[in-house]
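Geometric and topological summary
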Amino acid sequence: MEITPLEPWICRKIGAGRAELTRQEIEAWQLHKLNETLSLARSGSAFYKRHLAGMPQVLSSLDEFRQFPFTGPEDIRRNPLHLLCVSQDQIRRVVTLQSSGTTGEPKRLYFTTGDQELTRDFFGVGMSTFVRPGERVLILLPGERAGSVGDLLRSGLERLEMAPIPYGPVRDPAHALETLNHQKADCLVGSPTQVLGMALRWRPEMHRPRSVLLSTDYVPAAIVKTLRAVWGGDVYNHYGTTEMGLGGGVECAAHRGYHLREADLYFEIVDPLTGEHVEDGEFGEVVFTTLTCEGMPLIRYRMGDRSRFLRGQCPCGTVLKTMEKASGRYDGFIRAGEACLQLPEFDETLFTLPGLLDYTLTVAGSEEKPRLVIEAQTLDSGLSEETVYRALRGIPFLDALDVRVRCCPAPHHPGSIAKRVILRETAEV
Ligand SMILES: [Zn+2]
């Protein structure tokens, strides 16, 4: 098995100067860049000057960093300009993320040309895990604006002499399939449900992609299984958020978890309640710090995702850390009395149902016995509400909810590539 291309790339970036990288070299680089980032943040940002007051000026070890305060989405929402470390005329792109709640302010994130260049570089190298020069990549992500995710991916691929085909989010799966067929794309990059929508409508006389990269949302194993069964190719997962500069990590051919962009991001796993460091192998909340970002560095930013670092070496042989696929969010669950249900449990159950393209979950009513409305979007009318109910019985603690299911044909325009969230109704219906 080939080693992840992230390793030689990170080796070059940190100037290790040899073919083989060691953990010590990575950690020495991370400590050096953390000190640079802390210094930049203190001198450039009004927020960090206050936030880091009383903390050591210089770190002498990575362990010392564990005493530093966390940041989170609310810090960005409150006053994003206070986190900026450069003047506003150095900003090339502003990304506004709407809150999933009803009252939250949007989050605004700011990127310089240098920040965008780092992402572009990572995208190209990450894709070289499974795409060779000359191969054609259909990009099913928004890419119309300069510096958008699809645009950075396009230019990152071009740089490595791969052949991008910008398309955009899938609004009409039949049209996207026609493009796949006509352009003979070797690889598709898109959101899990939109690529699933194409796979379920695909016919054997059409062109078959060789690989797929799923991004932008939790990637259900049930969808990966379906894509492998339909197309026979390999399916890779990418982990990244806008806050990370769009890219965080990507799987290698071992599909064991994500290898991380360790020269640009310092990841930690902490206890979600106490904030204390947890050992490799233990589950906790994902926290990251940008190491090379110059516009709006984020320091110990709490992602809300639940994951862990895997112990032991990856079969690809890399010394890079491997983070397991996130298995839920600490703020995205349904509480019913003592029980706590996570969105991935619904994903893994519902996406095993033939013909299910997507679904929404809406919670209403009291916390003691909430009402849960599941609207299942189906390819045709073949999927009955009874079948959905039967599948749901496999989810532990579902009895704690008053569940109602509606099946409906999938809308022609599935909309944006926003992450799926649990919708909450505050008023009784
Ligand atoms: Zn690996």
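Given the structure is predicted, the values throughout are model-derived calculations rather than measurements.

Moving on: the overall build of the protein chain. Scanning the protein chain for helices and strands turns up 11 helices and 19 strands. Against the compact-globule benchmark of 22 Å for 429 residues, the protein chain has a radius of gyration of 22 Å, which places it among compact chains. Along the first, second and third principal axes, the C-alpha atoms of the protein chain reach 60 × 55 × 45 Å. When the 429 residues of the protein chain are sorted by exposure, 54% land in the buried category. Long-range pairs, those at least 24 residues apart, make up 64% of the contacts in the protein chain with a sequence separation of at least 6. With an accessible surface of roughly 19100 Å², the protein chain has 50% of that area assigned to carbon and sulfur atoms. Averaging the positions of the 49 positive and the 56 negative side-chain charges in the protein chain gives two centres separated by 2 Å.

What follows covers the domain arrangement of the protein chain. According to the domain assignment, the protein chain contains domain 1 (1–329) and domain 2 (333–424). A straight line from the C-alpha centre of domain 1 to that of domain 2 covers 28 Å. In this assembly, 30 residues from domain 1 lie in contact with 22 residues from domain 2. One can count 1 salt bridge joining domain 1 with domain 2. Seen at the junction of domain 1 and domain 2, the total is 3 residue pairs in polar contact (both at pLDDT 80 or more). For the side of domain 1 that touches domain 2, the secondary structure elements donating two or more residues are α8 (192–199) and α9 (221–231). Broken down by class, the residue content of the side of domain 1 that touches domain 2 amounts to 14 nonpolar, 10 polar and 6 charged.

Definitions and cut-offs
Residues numbered from 1 in each chain as written. Predicted model: local features only at pLDDT ≥ 70, side-chain atom pairs only at ≥ 80, totals over all residues. Heavy atoms only, no water. Helix = DSSP H or I, 4+ residues; strand = E, 2+ residues; numbered from the N terminus. Rg over C-alpha atoms; globule rule 2.2 N^0.38 Å. Buried < 20%, exposed > 50% of the residue type's maximum accessible area, 1.4 Å probe, protein only. Contact = heavy atoms within 4.5 Å. Areas by Shrake-Rupley, 256 points an atom, 1.4 Å probe, with all protein chains shown as cover. Lys, Arg positive; Asp, Glu negative; His and termini not counted. Charge placed at Lys NZ, Arg CZ, Asp CG, Glu CD. Domains from an automatic or database assignment. Salt bridge = Lys/Arg side-chain N within 4 Å of Asp/Glu carboxyl O. Polar contact = N/O pair within 3.5 Å; in protein donor to acceptor, adjacent residues only side chain to side chain. Nonpolar A, V, L, I, M, F, W, Y, C, P; charged D, E, K, R; others polar.

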